Each structure stands twice: as C-alpha cells, then as structure tokens.
Amino acid sequence: MQRIGVFVCHCGTNIAATVDVKAVAEAMKIEPGVVFSTDYQYMCSEAGQNLIKDSIKEHKLTGIVVCSCSPRMHEATFRKAAQSAGLNPYMVEIANIREQCSWIHKDMIPATEKAIILGKAAVAKVHLNTPLTAGESPVVKRALVIGGGIAGIQTALDIAEAGFEVDIVEKQPTIGGKMTQIDKTFPTLDCAACILTPKMVDCAQNEKIKIYSYSEVEDVKGFVGNFSVTIKRKARYVDETKCTGCGICTEKCPMKKVPNEFNLGMDNRTAIYIPFAQAVPKVATIDADYCNMLKNGKCGVCQKFCTVGAIDYKQKDTFVEEKYGAIVVATGFNPIKLDNFDEFAYSQSKDVITSLEFERLTNAAGPTSGTLLRPSDGKHPHTIVFVQCVGSRDTSGCGKTYCSKICCMYTAKHAMLVREKYPDTEVYVFYIDVRTPGKNFDEFYRRAVEEYGVHYIKGMVGKVVPRSDGSIMVQASDLLSNEQLHISADLVVLAAAIEPDKSARSLATMLTASMDTNDFFTEAHPKLRPVESPTAGIFLSGVCQGPKDIPETVSQASAAAAKVIGLLAKDKLTCNPCVAEANEWMCNGCSSCEKVCPYGAITYSDKEFRMPDRTTAIRRVASVNPAVCQGCGACTVACPSGAMDLKGFSNSQIMAEVDAICK
Amino acid sequence: MIFSYYPGCTLKTKAKDLDRYGRKSAEALGITLEEIPNWQCCGGVYPISKDEIATKLSSVRALASAKEAGQDLVTLCSACHNVLKQVNNDMANDEEICAKANRYLELEEEYHGETNVIHYLEMLRDKVGFDKIKELVKNPFTGKKIGAYYGCLLLRPGKVLQMDNPENPKIMEDFIRAIGGTPVIYPMRNECCGGYVTLEDKALANKRSGKVLENAKDMGADMLITACPLCLYNLNKNTDGYDVPVYYFTELLAEALGVKD
Amino acid sequence: MNRKDKQEQILRMSGVNARKCMRCGKCSATCPAYDEMEYHPHQFVYMVESGNIEPLFESESIYKCLTCFACVERCPRDVQPAKLIEAVRVMALRQQDNTHMKKGDLPMMLDEDIPQQAIVSAFRKYTK
C-alpha cells in the first residue's frame, strides 16, 4: 500500500477564489492510502516546495498528489522537489484544478466538488505508479534552419558563431528573403541591402554554414536531438559548383519576357536568371516553365555561351538526407492576395499597387532604377494615396483578423521618403489607428506628419475609381471632419495584410508542430517560451510565429539560436521514461502498432519462447526502442490484444482514474 | 431543362421586354421556364428588419412552390432575385423567421430554404454554359464595346447571393463575350444608380446614375446592359447629361440568338 | 420607451452587434447617399451603440439610405450598418400616425416610365 500525501495549492486567488481549497484538502484525507493532506498559498514557491519535501520525509510518503495548475506549468518543479527528498519523480501526480477547474467555473460549490473528483482520480492513479528511470539519447550536433530570410540568416549565423554546424534550406534560388526587396528600413532609414547583403555573404563564407538554395524540406523523421531530414534539391539546370555567376547566360538568353518575381512582375527577366546582383549563392537558375530548350528542345544558347560548362539541361531533382539535433522554422510571410478587395481596384489599374511593389518602385535596383514613376505610363505621380489596413483587422471573412503590425511604420516611411525626394507631391495616408509602439517608432511617424507634411486622415477608403485619363478617384471618409472626401490621385498604395508563407502548413505537418487558425506556428508558451514550438527540438524564428518587423525578427532569430545552442551543447538528452512497452507474451505479431507509430520506434523480431508445455516456440513479437519512443500512446490504442502499454500512463492507471471520477 | 420561373410585377408591366426576350432566348436555348402559378409581388426591396415576417411571405410562397415542383427557381429582375435569395437565406438559416413564416403560412410541408434560387445569368453560366451560347449565336455583337451594369441588387450582399465576386464580378462580362461583344470594365459598375429614392429625390438619382454613366462612357462603353428595370429607368431618365444607351441583357441575347421578333 | 429600451430593440431588430465596429469609417467612405445624409452610416453605428438614438429618429437621413448594401459588403468587421439604419427607420415609421409618404403623395412622384418595382419599394420603405 502506498503512503500518499496530497498538497492543495491556492495559487493566490487563481484557485482559492473559486475552489474551497481547505475543503478539498479535508476531503482528500479520507481517500485510501492518503496519510497526509494540506493546502498552501503558493505550492510552487520555495516555502511550498519545502513543505512538500519535509512532508515526504516526515510522513515517509511513497507518492504525492499536487492539486494545482496544469502539469505543463509545474510538473517538472514538483518532480524535482520530490526527487530532492528522495522520492522517485514519477511518483508525483498533478491534479489540474486551475485550468481545468477554477478558471473555467464560476460557482464555488460545483467547482469544489469537481476539484475533489480530480484529486481523487490522481490519488487513484498514484496507487498504480511505479518508479521510472529516464534513459539518455545522444544529440546530433548540427542544426537545420528552414527558410533563408533575415530570420533564418541571423539564426544560422548565431548558431555557427557558437561553433555548431548549421544548414539553411531556402526554396528560392537565393537566400535573403523579403528583406532583399525592401528599399530602406525604419526607423533609421538605412538601406536594407546595405545591412542585409553582408550577412548573406557571411553565411556563404562561414565554413560552419551550408546553404541548400532552391531546395525544400521533403520529409522529417526522428525526434529532438536526432532528426532525420530529407531535402529536395530542385533541378536548377546549372551546376552550382561550376557556375561563377558571370551572368553572360542571362544576357544572351533569348527568352526575355518572363515576369520578374523579384520586382513583383513589374518588369521582365530572362528564362535563365540570377534573381539580383547580390544573390547568394550567385548562381544562375533556369526557369523550366519558360526555357525553350527545356520545353521543346530548341535553343541551347546559354550552354553555348557558358565558359565553364555549367549548364546541364538533364539535371534532375536530387534528394539529400541529413541528421540534425534541432530544427528552426523561419518560413516567413507574403502579402495577401487582394482578390477580395477589388473596391480598391487593384486588378483594374496598374497604378493601384501594394506597398511591397512600392518598395521596388523606389529601389535603385528596381524596375524604375529608384525613380518613383507610375507603372502605367512612367509619369511622376503628384498625388499619392496610401491606404492602411487592407485586409488586416478584418473579421468579415475577406481578410485576416489580426493586425499585420508592420504597415503603420512602413507606410510612414514611404510617405516620408516621397515627401523628401519629391516635395511637389501631396501624400495622403488613410488610417484607422496609427500603431507605432517600438523604440523611436512614434517619433518617426510624427516626423512624417510634422516635418514632412504628410496628410494623415483618420478614416478608410471606400471606393477607388480609375479613369481613362490615368487619374484615380479615391472616395474616402474623413472621420474627424465628418466628410466624405473625393481625391484625384495618381498612385494608390495598398498596405496589404501579411500572412504566413503557404509552405508553412505542410511543413508543420511534417514537424508535428502546432499552428494557430491563421497558420502561424504556436509557441510553447506565449510569454515564457516564445521561440520554441511545443514539439521538442523545433524552434521558431521570425514572422512564421506572428507578424514582426525587422528588429523584432532579428531579436527572435537570435533568441531561437540561443535555444538551439543550449540544446546542441548537451552531449546527451534525458529521455522521457514514459514510453511504450510491449508485453511479449500477449503480442500476436500483427504489426498494427508498427504501422501507427509516427516515430518508427517499433520493430519486430522472431524470438524463442519457452511454452507452458515445456516446448520451445518461435514467435514474432514487437519491441519498442525507448530512445526513439516519444510516449504518444498511439500504439496502445492500436494494439488489438492489449499487449502495448505506456509506462506512467498504463491502461490500468487510466482506468483507475476513470473509475475514481465515475464513482 | 425545366425551371420554375418568377417574373415579378415589373416584368409584367413596364419591363415587358426584359421578360419577353428572356423567355424567347430561353426557348432558343432549349430551356423551359415554367411560371409559378399565382405568384405575388416580392415587395421590391428585401425587408431587412428581423421582425418583419409578413412582408417576406410572398417570397416564401414562391420558394415553396418551386420546391413542390422540384425545380430550381429562376429570377430575372435583379430586385426579385435579391429579395428571393435573401428570404431564402433567412428560411434556411434564421430559425425564428423560419418558424414564424411556417406557422403563418401553414404549408402542407414546412419550408426550410430548400429551393435553389438562381438568376437568369447564373442559369446561362452554370446550366447552359457561355461556351454553348457562343456556339448558338447567329448575330454576334462584334466590335461593340458593352459595359455591364451590375448595380447593387444583383451581387450584394455577396455572402448571401453567392453569384460572383461582388467587387470584381465577371459573369456579365463573360456573357458579353459569349454574344460576341467586347466588355468594358469600369469600376462604377457595381455602384448604386439611386434606386427607389428616385421617387422623391431626383437630384440624388441624377447624381448617382450620372456618375455611373460618366465612368462607363469615360472607359469607352458604347452601351450598357442591365438586369434591373429600376436601374434601366434611372440610367435612362436621370442621366445628369451623360448619354449612353442602356438595354436589358435579354434583349441583346435574343438579338444575338436571332430570336428578337 | 426609454433610451435603453429603444437601443435594445433596434439592436434586436437589426441583428447588429454595434460593438464590433472599430471606427474605420469605411461604411461612410463607400456610401453613395453620403452627401444627402445628415447622419452618416458610421454615426448611426456609433449613436446607436452609445444610446443617442433620438436625433436619428428625427432625421431625414433614414429615408436617404438606398439599401445598396455597399456598407454591408465592405465593412471589415461585418457590422452591417445598413441593417441598423433600416431598424431605426422601421421603428420610426411604426410610431403612431407616422408615415413618410401620405396617401396623396404618390401620384405626384410618378411618371409614365417609372417601374412598379420602385413603387412597391417606396411603399415598403416609406410607409408602415
């Protein structure tokens, strides 16, 4: 018989305001096996932990139940306390009477009743607990960063700096991401390329960093410390090891009418291309959708002109398998499509553009060499209207419910730069709220208004009407003067909401990492573990976790790197001892468990058994590799003969809990 | 193909052409439109207020009648289309309105929004197919620059009517292409003509219709087509000095199919 | 009926949750009858939400709404201002002896081309 102690936590008023904690402690005293029961204000505090430790010793407890918050919060705390008092940590059970009781109920009487039931269930379980010992598994000292934007670059550089190997997988032909398309950065207005390209070069030159450009993650297996990842290297039809990036092929390619994605389709590129001058790696790529040689075998110009023989029309996709200890997701974002917002006439006029397109129109490497000209007729615009919150904060189903966070600041930047470069241009910004929290951010926005004379108007645009003479009628609200405005503009710039890159969803499935309803990756804890996924060994960097500007992205990227370094610095990881175990006598060799195991932890082998009649039989039975098993329990449900059981969560333990609840 | 057909009051009087050419064209396309027996006026505008029940009943009767016949219900007038679809949406999704209407009507079988209401244009797009129409065109409107005028009732509210993208529709443009014309896209095509307020405020109707016509003309339209008698009235009468001929789309369809008188 | 009752009834009749409004003004930015209105769509939402309804009852604005659903379609918060305006209008008309179109008014408004659709709409919009 166990000697069980019960500790009921008040959690200040978090629990005690809704649950009569004294009554719970009292009720637990009469449960079988309970030799001690008490309550305390903060069980997780040092005094609370000491109370537990002292009680274990004093009452010679063999198991304890803590009625407190979620085990995700403090299970580890209480296990450690128990261990220091000489108790096996797996003899500790948590009854969650906060998240699953006090926080979700209002009335004290039924809430107290429920807390008692939850406590009883935990006591019933502890009776069947057995001491468990955690094993160890080795850590592969190499990290994978998925996505080569500023987030991925910063994370990779920091990991490499600590001396660990790190690979970047980037689906585009070059690393750099969205930041390469941005002209200047707020609030300091330094040139994005000037601060980004040195980091890109650092990545290329760092011997610890390997860049898989034009590649995608195809498959992920394994677990923290020991992931096995298949990387698809898409055929670029150019031998990366030979290409010098001289660019002669891009000059000679006769297929010159390919929409240039780097400039968002506002100009053209050739079928063989290097995205931009500072691309890393600076290697040409053939766009198979447009290359005449690949489509119908007629051309071959690039091959003829290539001096190093790098062109290879026969190149195929190849697959690389690599082992990693940690994976960082840095898949970034895209502006949303504006199909649902055509009251702004984006599809009807070339002079209604997105903010990212505007960046290209003001960038020296853009389609207009940095001179702000209208896409339709190449004329200088004299009146520009900026529209904020296009598709952000939208609960109608057309856009995104969240604030995209970066638009207020980049629009202030755009407005300011226009007024600085072209003082004869009138600039209107329609806003709902101006949100500028951040160091020197509000000062920046106010400068746009006060020093540069940008007209900020509180209100939204309702309708945009392009006219045949090239002018654009903008109909909008001015809420402060209670007027409907009609502005004849030359250029309309829409601050489109941002959304996670489409690749994130399938990647989340591969990584078994959770996402929210907007397809942003969720963090292990929104406040205290913001750069970790709840899935061990998966870390988050940049906008894949939520909208962020560059300073915030870089901070988070470094934070993710620090977490990865902390993991890779360990030689071994303590494994979760709550793993599955097969009862070989009951196993019928059906392979059901092997099929459902997401970690490949189960294998079958033929074993000799001595039968009751003293004969020897050879039977095919399952066995679990405890270093690989993550204790998900899928096999225990799949097993038709009940041979699979999960240590610490055995069928009998769970049934005992259910019995206690239903009693 | 047989459909139940709800013409509505205006199509029996001032908008006979919309109806007549619609029926002739349907016949030429091998479609039978069976007029619902004893239909009553839909009321012209959808009664928005949740406690307006009586004003929705005529629509429910028509909807239930089509359900009884086991047919999709085709409408032609934009206003009827708007009212019937919105009432149908209430009957399917608003329990209170549905219960009250059923209690009042005492139909043999309760009506819960089962009927599929489609506009004549949707019938052309989804049941006949614009490609098929293209094949059957005898007198194409080659070289004609035609602007589609959607107005407000044909598309909005988009979530209920579910006809096309309410901000960038293409069903009428595709129709124009099918009859051989060149569609002119102008952004005011889904803005209101002034509607029924024309009765007491001609200045407003002039201003609204004027803006539509100005924009259509500016973008190069030789003529406009509409599915709404009230839009046709406003765009013809309250032009604010802008002169663009406006036709019912069925008239152009009948002409293209060679069945216009 | 006191202020609060009126507010509650209007919200119930319209089915609108005025609290969803984030005050962007897109409804008024898109309204084709804006210039003819004393109170604009965003003001309807704000005034109903704050219980300041009496001025709306008294205003001609309630008969200027074209029911074109542009504000309903374009509102980023799905507030549907047109439904509120309609509820205020219906409530005003339901008051005893109140009507916007008297018996003799109609013939003066007609011309020979006016479609029936406009007349039935006017009855629905201007009378009980």
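Cut-offs used in this document
Residues numbered from 1 in each chain as written. Chains lettered and ligands numbered in written order. Predicted model: local features only at pLDDT ≥ 70, side-chain atom pairs only at ≥ 80, totals over all residues. Heavy atoms only, no water. Helix = DSSP H or I, 4+ residues; strand = E, 2+ residues; numbered from the N terminus. Rg over C-alpha atoms; globule rule 2.2 N^0.38 Å. Buried < 20%, exposed > 50% of the residue type's maximum accessible area, 1.4 Å probe, protein only. Contact = heavy atoms within 4.5 Å. Areas by Shrake-Rupley, 256 points an atom, 1.4 Å probe, with all protein chains shown as cover. Pairing = 2+ DSSP bridges. Buried area = accessible area lost by both parts, 1.4 Å probe. Salt bridge = Lys/Arg side-chain N within 4 Å of Asp/Glu carboxyl O. Polar contact = N/O pair within 3.5 Å; in protein donor to acceptor, adjacent residues only side chain to side chain. Nonpolar A, V, L, I, M, F, W, Y, C, P; charged D, E, K, R; others polar. Axes fitted to C-alpha atoms, helices over the stretch in contact; angles between N-to-C directions. 1 Å grid on protein atoms, 1.4 Å probe; cavity = no way out; pocket = protein on both sides within 12 Å on 5 of 7 lines; lining within 4 Å. Points joined across faces, edges and corners; volume = space filled by probe spheres on them. Parallel < 35°, antiparallel > 145°, perpendicular 65-115°, else oblique. Disulfide = S-S within 2.5 Å. Core = buried A, V, L, I, M, F, W, Y, C linked by side-chain atoms within 4.5 Å. Domains from an automatic or database assignment. Phe/Tyr/Trp six-rings, centres within 6.5 Å; stacked < 30°, edge-to-face > 60°. Lys NZ or Arg CZ within 6 Å of the ring centre and 35° of its normal.

K.L.:
Go over the overall build of chain C with me, naming the residues and quoting the values.
P.N.:
If you tally the helices and strands in chain C, you get 8 helices and 0 strands. The globule rule puts the C-alpha radius of gyration for 128 residues at 14 Å, and the 15 Å found for chain C is close to it. Buried residues in chain C amount to 62% of all 128 residues. Contacts in chain C between residues far apart in sequence, at least 24 positions, make up 71% of those at least 6 positions apart.

K.L.:
Help me get a handle on the overall build of chain A, residues and values and all.
P.N.:
The helix and strand tally for chain A stands at 18 helices and 34 strands. In terms of principal-axis extent, the alpha carbons of chain A reach across some 90 × 65 × 40 Å. Classification of the 663 residues of chain A by burial places 54% in the buried group. If you sum the accessible surface of chain A, you get close to 28800 Å²; carbon and sulfur atoms cover 52% of it.

K.L.:
Which residues make up the pairing of strand 24 (residues 461-466) of chain A, and what are the values?
P.N.:
Residue and element names in this part refer to chain A. With 6 of 6 residues buried, strand 24 lies mostly within the body of the structure. Bridge count between strand 24 and strand 25 (residues 472-478): 5 bridges; the pairing is antiparallel. Bridge assignment links V465 to a residue of strand 25, and that residue is M473. Here strand 24 folds back onto strand 25, and the loop between the two strands holds 5 residues, one of which, G470, carries a positive phi near 95°.

K.L.:
Kindly report on the interface of chain C and chain B, identifying the contributing residues and their values.
P.N.:
With 44 residues of chain C at the interface, the matching set in chain B holds 50 residues. Here chain C and chain B share an interface that buries about 4000 Å² over both sides, 57% of which is from carbon and sulfur atoms. Where chain C touches chain B, the interface holds 9 salt bridges. For the pair chain C and chain B, the interface holds 23 residue pairs in polar contact (both at pLDDT 80 or more). Put simply, the parts of the chain that give the side of chain C that touches chain B at least two residues each are helix 1 (3-14), helix 5 (70-74), helix 6 (81-94) and helix 8 (116-126) of chain C. Here the element with the most residues in the side of chain C that touches chain B is helix 8 of chain C; it accounts for 10 residues.

K.L.:
Could you give me a rundown of the interface of chain C and chain A, with the residues and numbers involved?
P.N.:
Every contact between the two is made by 19 residues of chain C and, on the other side, 20 residues of chain A. Between chain C and chain A lies a buried interface of about 1600 Å² when both sides are counted; carbon and sulfur atoms form 47% of it. Viewed at the interface, chain A and chain C are joined by 1 salt bridge. Among the ionic pairs, E343 of chain A bridges to K26 of chain C, the shortest N-O distance being 2.7 Å. On the surface where chain C and chain A come into contact, there are 17 residue pairs in polar contact (both at pLDDT 80 or more). When residues of the side of chain C that touches chain A are traced back to their parent elements, those giving at least two are helix 2 (26-30) and helix 3 (41-49) of chain C. Residue classes in the side of chain C that touches chain A are distributed as 7 nonpolar, 6 polar and 6 charged.

K.L.:
Give a description of the sheet that holds strand 10 (residues 209-212) of chain A that names residues and reports values.
P.N.:
Residues and elements named next belong to chain A. Pairing in this open sheet of 5 strands is parallel, and the strands run 10-7-6-18-29 from one edge to the other. If you trace the sheet from one side to the other, it starts and ends with strand 10 and strand 29 (538-540), each paired once. Put simply, the sheet's adjacent strands are angled 20° from each other on average, direction ignored. Both strand 6 (residues 142-146) and strand 18 (residues 326-329) contribute to a ladder of 4 bridges, which runs parallel. Paired with L144 across the bridge in strand 18 is I327.

K.L.:
Could you give me a rundown of the sheet that holds strand 4 (residues 117-119) of chain B, with the residues and numbers involved?
P.N.:
Residue and element names in this part refer to chain B. Pairing within the open sheet is parallel, and its 4 strands lie in the order 2-1-3-4. The sheet terminates laterally at strand 2 (32-35) and strand 4, the two strands that pair on one side only. Looking at each pair of strands side by side, their axes are set apart by 40° on average, direction ignored. Across 3 bridges, the pairing between strand 1 (residues 2-6) and strand 3 (residues 73-75) is parallel. Counted as the bridge partner of Y5 is V74 from strand 3. Against the sheet, helix 3 (residues 78-93) touches strand 1, strand 3 and strand 4, its axis set at about 155° to strand 4.

K.L.:
Could you give me a rundown of empty space enclosed by the protein, with the residues and numbers involved?
P.N.:
The full count for this structure, using the stated rule, is 11 cavities of 30 Å³ or more. Here the largest cavity defines a volume of roughly 130 Å³. Around the largest cavity sit 15 residues that line it, and C152, L153, G195, Y196 and L230 of chain B are the ones nearest its centre. Sorting the residues of the lining of the largest cavity by element identifies helix 10 (229-237) of chain B together with helix 8 of chain C as the ones contributing at least two each. Here the residues of the lining of the largest cavity sort into 10 nonpolar, 5 polar and no charged.

K.L.:
Quick rundown of the packing of helix 2 (residues 57-69) of chain B against helix 3 of chain B? Include the residues and the values.
P.N.:
All names here are of chain B. Running from N to C, helix 2 and helix 3 cross one another at 80°; their axes reach a closest spacing of 9 Å. Considered as vectors, helix 2 and helix 3 are oriented roughly perpendicular to each other. Residues S59, V60, A62 and L63 of helix 2 touch helix 3, and the partners they reach there are V83, L84, V87, N88 and M91.

K.L.:
Please provide a residue-by-residue account of the packing of helix 9 (residues 202-218) of chain B against helix 10 of chain B, values included.
P.N.:
Residues and elements named next belong to chain B. Between helix 9 and helix 10, the least distance of the axes is 8 Å, while the angle of their chain directions is 90°. As the angle between them shows, helix 9 and helix 10 are arranged roughly perpendicular. Mapping the contact onto sequence places K202, A205, S209, V212 and L213 in helix 9 and Y233, N234 and L235 in helix 10. When its residues are assigned to classes, the contact of helix 9 with helix 10 shows 5 nonpolar, 2 polar and 1 charged.

K.L.:
An account of the state of the cysteines is needed here, citing residue identities and associated values.
P.N.:
According to the stated counting rule, one finds 1 disulfide over all chains in the structure shown. Each sulfur in the disulfide pair C191 of chain A and C194 of chain A lies 2.3 Å from the other. Linking C191 of chain A and C194 of chain A, the disulfide has an S-S dihedral of approximately 90° and is accordingly described as right-handed. Here C191 of chain A falls in the partly exposed class, since its relative accessible area comes to 25%. No disulfide involves C9 of chain A; its sulfur sits 5.3 Å from the nearest other cysteine sulfur, which is in C11 of chain A. Summary of cysteine pairing: C71 of chain C is not part of a disulfide, and the nearest cysteine sulfur, belonging to C27 of chain C, is at 6.4 Å. The class of C71 of chain C is buried, set by a relative accessible area of 10%.

K.L.:
Describe the nonpolar core, with residues and values.
P.N.:
Y120, L124, F175 and F249 of chain B are the most contacted members of the largest nonpolar core, which has 141 residues in total. Per element, the largest residue contribution to this core is 9 residues, and it comes from helix 6 of chain C. Residue assignment places this core across two domains, with domain 1 (2-120) and domain 2 (137-257) of chain B each supplying three or more. In this structure, Y120 of chain B is in contact with G22, S25, A26, L33, V74, T75, L76, F249, T250 and L253 of chain B, ignoring residues within four places of it in sequence. Of all hydrophobic cores here, the second largest spans 39 residues; its members include F36, A111, A115 and L118 of chain A.

K.L.:
Residues and numbers for the packing of aromatic side chains, please.
P.N.:
Residues and elements named next belong to chain A. Under the counting rule described, the total for this entry stands at 13 aromatic pairs over all chains. Just above the ring of Y445 sits the side chain of R446; from NZ or CZ to the centre is 5.3 Å. The residue whose ring lies beneath R619 is F609, and the NZ or CZ to ring-centre distance is 4.7 Å.

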